[in-house]
Amino acid sequence: MSKEDQAFPESAPKAPDQAEQAASVDTAIETEEGVLEPTPIEQLTQQLTEATRRAEENWDKFVRTQAELENLRRRSEKELHNANKYALEKFSKELLSVVDSLELGLQAAVGETSDVEKLREGMDLTLKQLNSVLEKFSVRAVDPIGEKFNPSLHQAMAMQPAPDTEPNTVIKVFQKGYVLHDRLLRPAMVVVAQSASESTRIDEQA
């Protein structure tokens, strides 16, 4: 008996060689019920096919999402650009009637039979139209005559003695101020009442 026969006796089961292993992998497996199940290679092929299909679906979704986001970004930029460009569109339309009224007033003023009273009425009507437009856009006049001086809304141009008026009261408005909502556009130029004692002190210093 050779050494190889001694190492692997005939009664011992032999390990399958490579050809047998390949055949078992490529051959469908028959179950006890007689149903042929796919081989491991077929299973791996099916899994790979399914994974590839899902990857392609996800890639398509990603591409479509990217395209939608890009379109949304472009639309947002265009809307923002138009909003800034035409922000004064409504305000401008409202002012057109004021311009028309002023033009009619000028035409009446150059006529041979210009009537001062009619011109005054026309200008008064135009001023009312303009104030109406400003009110529509929350532009409010600041006319603080008789009110306490407020440095947030008023700018003192001078102080005058006013015996019958409480000190620090606005007694004259040179020019009206205006606010847009709660934001000051222009302060009112005012004259403020001066207390008698302060007026005397200033006179003594002079």
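Refer to the preceding data block for the structure.
Residues numbered from 1 in each chain as written. Predicted model: local features only at pLDDT ≥ 70, side-chain atom pairs only at ≥ 80, totals over all residues. Heavy atoms only, no water.

1. Considerations on the overall build of the protein chain
Here is the rule: Numbered from the N terminus, helices here are DSSP runs of H or I no shorter than four residues, and strands are runs of E no shorter than two. Whether a residue is buried, partly exposed or exposed follows from its accessible area with a 1.4 Å probe, protein chains only, as a fraction of its type maximum: under 20%, in between, or over 50%, in that order. Whether two residues touch is decided by their heavy atoms; if any such pair falls within 4.5 Å, the residues are in contact. We get accessible surface area from the Shrake-Rupley algorithm with a probe of 1.4 Å; when it comes to residues, only the shown protein chains can shield them.
When helices and strands are counted, the protein chain shows six helices and eight strands. Every one of the 206 residues in the protein chain was classed for burial, and the buried ones make up 12%. Contacts spanning at least 24 positions in sequence make up 55% of the contacts within the protein chain whose residues lie at least 6 apart. In the form shown here, the protein chain has an accessible surface area of approximately 17000 Å², with 55% of it arising from carbon and sulfur atoms.

2. Examining the nonpolar core
Put simply, the test is: We define the nonpolar core as a collection of buried residues of types Ala, Val, Leu, Ile, Met, Phe, Trp, Tyr and Cys that are connected through side-chain atoms lying within 4.5 Å of one another.
Ranked by size, the top nonpolar core spans six residues in total: Val142, Val170, Val179, Ala188, Val190 and Val192. With near-sequence residues (within four places) excluded, Val142 lies in contact with Leu153, His154, Lys176, Gly177, Tyr178, Val179 and Ala188.

3. Side note on the packing of helix H4 (residues 89–109) against helix H5 (residues 116–136)
How we decide: All axes here are fitted lines through C-alpha atoms, helices being fitted over the stretch that makes contact, and every angle between N-to-C directions spans 0 to 180 degrees. Should an angle fall under 35 degrees it is called roughly parallel, over 145 degrees roughly antiparallel, and 65 to 115 degrees roughly perpendicular, with every other angle called oblique. In the scheme used here, Gly and all other residues not listed as nonpolar or charged are polar, with Ala, Val, Leu, Ile, Met, Phe, Trp, Tyr, Cys and Pro taken as nonpolar and Asp, Glu, Lys and Arg as charged.
The contact between H4 and H5 brings their axes to 10 Å, and the two run at 175°. What the angle tells us is that H4 and H5 run roughly antiparallel. Facing H4, whose interface residues are Phe91, Glu94, Leu95, Ser97, Val98, Ser101, Leu102, Gly105, Ala108 and Ala109, H5 presents Leu119, Gly122, Thr126, Gln129, Leu130, Val133, Leu134 and Lys136. Looking at side-chain class alone, the contact of H4 with H5 contains ten nonpolar, six polar and two charged residues.

4. Focus: the packing of aromatic side chains
For clarity, the threshold we go by: Paired rings are identified among Phe, Tyr and Trp, the last through its six-membered ring, by centres lying within 6.5 Å, and are further divided according to the angle between planes into stacked (under 30 degrees), edge-to-face (over 60) and tilted (the rest).
On inspection of all chains with the given rule, the structure shows two aromatic pairs. The interplanar angle of 35° and the centroid separation of 5.4 Å between the aromatic rings of Trp59 and Phe62 together place this pair among those described as tilted. Note that Trp59 and Phe62 are positioned in helix H3 (residues 40–85) at a spacing of three residues, about one turn of the helix. Since its relative accessible area comes to 54%, Trp59 is described here as exposed. When its relative accessible area of 43% is taken as the criterion, Phe62 is described as partly exposed. When the ring of Phe91 is compared with that of Phe137, the centres are 5.0 Å apart and the planes differ by 85°; the resulting orientation is edge-to-face. Here the residue Phe91 occupies a position in helix H4, and Phe137 occupies one in the loop between H5 and strand S3 (139–142), the gap between them amounting to 46 residues.

5. Remarks on the sheet that holds strand S5 (residues 170–175)
Pairing between sheet strands relies on hydrogen bonds along the backbone, with the strands arranged either parallel or antiparallel. The line we're drawing: Strand pairing requires that DSSP identify at least two bridges connecting the strands.
The mixed open sheet is built from three strands, whose spatial order is S4-S8-S5. Because the sheet does not close on itself, it has two edges, and the strands there are strand S4 (154–161) and S5. Adjacent strand axes in the sheet meet at a mean angle of 25°, parallel and antiparallel pairs treated alike. As judged from the seven bridges shared by S4 and strand S8 (residues 188–194), these two strands associate in the parallel manner.

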